[in-house]
Amino acid sequence: MSSDPQSRPPVKLGVLISGEGSNLQAIIDATEHGELSADIRLVISNKADAHGLERARRAGIAAEFIDHRRFASREEFDRTLVAALNTRQVELVACAGFTRLLSPVMVHAFPNRIMNIHPALCPAFPGVNAQRAACDYGVRFSGCTVFFVADGVDDGPIIVQAVVPVMQNDDERNLTARIRAAEHRIYPYAIRLFQEGRLRVHGRKLLVDGSSPADERLMLINPTLP
Ligand code: GRF
């Protein structure tokens, strides 16, 4: 571990979105409040009407719409993403509600440098509609996971997870809201651990260097009843 993680330069970040962009907003807010040292170089959306594009522009961040439907293959779209991110010298890519699966073109261009967030406790409920699946299954706890993107779906090395309770009368909508609030806490924190140079991938496991009991508490966010 480097001697003083806090003295490292801001991480040059690219954020991929497709919609609302509330996680993007949490990342912007964390940088503005000094909780995260990040230089958000570029936000890319594959949807023209993504509200996140508006959030980025309002914060003075470069924002581009790249329509995946213009490309003949997933790989061609990803090559355009890689080029746009490289032009801005992006070091870390954060997928925040980005609905396209990434091909090996992206994954290999940024090895262990693409994060994603999933609204469940991985490896439970991968893929779409994770909150509905949790309600239908009757689990007592669900939550969210920030992980490094690898070749499979929602199964890369886990960086941070937060747990939330699932109440008997929950539906998809209120469970989503409860999970979303936890996402907004853990995503900026996971990016901060990267910026501090503290993430080490060992096979499918991720270790955080120099974890103090206070860090461990931040990484183990326990459920409180709503
Ligand atoms: C989040 O629930 C995230 O876990 C999932 O997509 C949603 C994005 O929400 N991958 P937002 O666009 O950040 O508001």
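Residues numbered from 1 in each chain as written. Predicted model: local features only at pLDDT ≥ 70, side-chain atom pairs only at ≥ 80, totals over all residues. Heavy atoms only, no water.

Explain the site of the ligand here, please?
Around the ligand sit Glu20, Gly21, Ser22, Asn23, Gly97, Ile117, His118, Pro119, Arg180 and Glu183, and those are all the residues in its vicinity. Note that a nitrogen atom of the ligand is positioned 3.0 Å from one of the backbone N or O atoms of isoleucine 117. Contact between the ligand and arginine 180: an oxygen atom at 3.1 Å from a side-chain N or O atom of the residue. Relative to its unbound accessible surface of 360 Å², the ligand loses 85% to contact with the protein. Of all the cavities here, the one that holds the ligand is the largest pocket. Elements with a contribution of two residues or more to the shell around the ligand: α1 (22-32), β5 (114-118) and α6 (172-195). For the shell around the ligand, the class distribution of residues is two nonpolar, five polar and three charged. (Near = heavy atom within 4 Å. Polar contact = N/O pair within 3.5 Å; in protein donor to acceptor, adjacent residues only side chain to side chain. Areas by Shrake-Rupley, 256 points an atom, 1.4 Å probe, with all protein chains shown as cover. 1 Å grid on protein atoms, 1.4 Å probe; cavity = no way out; pocket = protein on both sides within 12 Å on 5 of 7 lines; lining within 4 Å. Sits in = over half its atoms within 2 Å of the grid points. Helix = DSSP H or I, 4+ residues; strand = E, 2+ residues; numbered from the N terminus. Nonpolar A, V, L, I, M, F, W, Y, C, P; charged D, E, K, R; others polar.)

How should the nonpolar core be read in this particular structure?
Nonpolar side chains tend toward joint burial in soluble globular proteins. Formed by 48 residues in total, the largest nonpolar core has its most connected members in Leu13, Val15, Met115, Ile159, Tyr187, Ile191 and Leu199. Among the elements that make up this core, the one with the highest residue count is α6 (10 residues). Not counting residues within four places of it along the chain, the set of residues in contact with tyrosine 187 comprises Asn23, Ile27, Ala94, Cys95, Ala96, Met115, Asn116, Ile117 and Val146. Ranked by size, the runner-up nonpolar core spans 21 residues in total, among them Ile44, Leu81, Val82 and Leu85. (Core = buried A, V, L, I, M, F, W, Y, C linked by side-chain atoms within 4.5 Å. Buried < 20%, exposed > 50% of the residue type's maximum accessible area, 1.4 Å probe, protein only. Contact = heavy atoms within 4.5 Å.)

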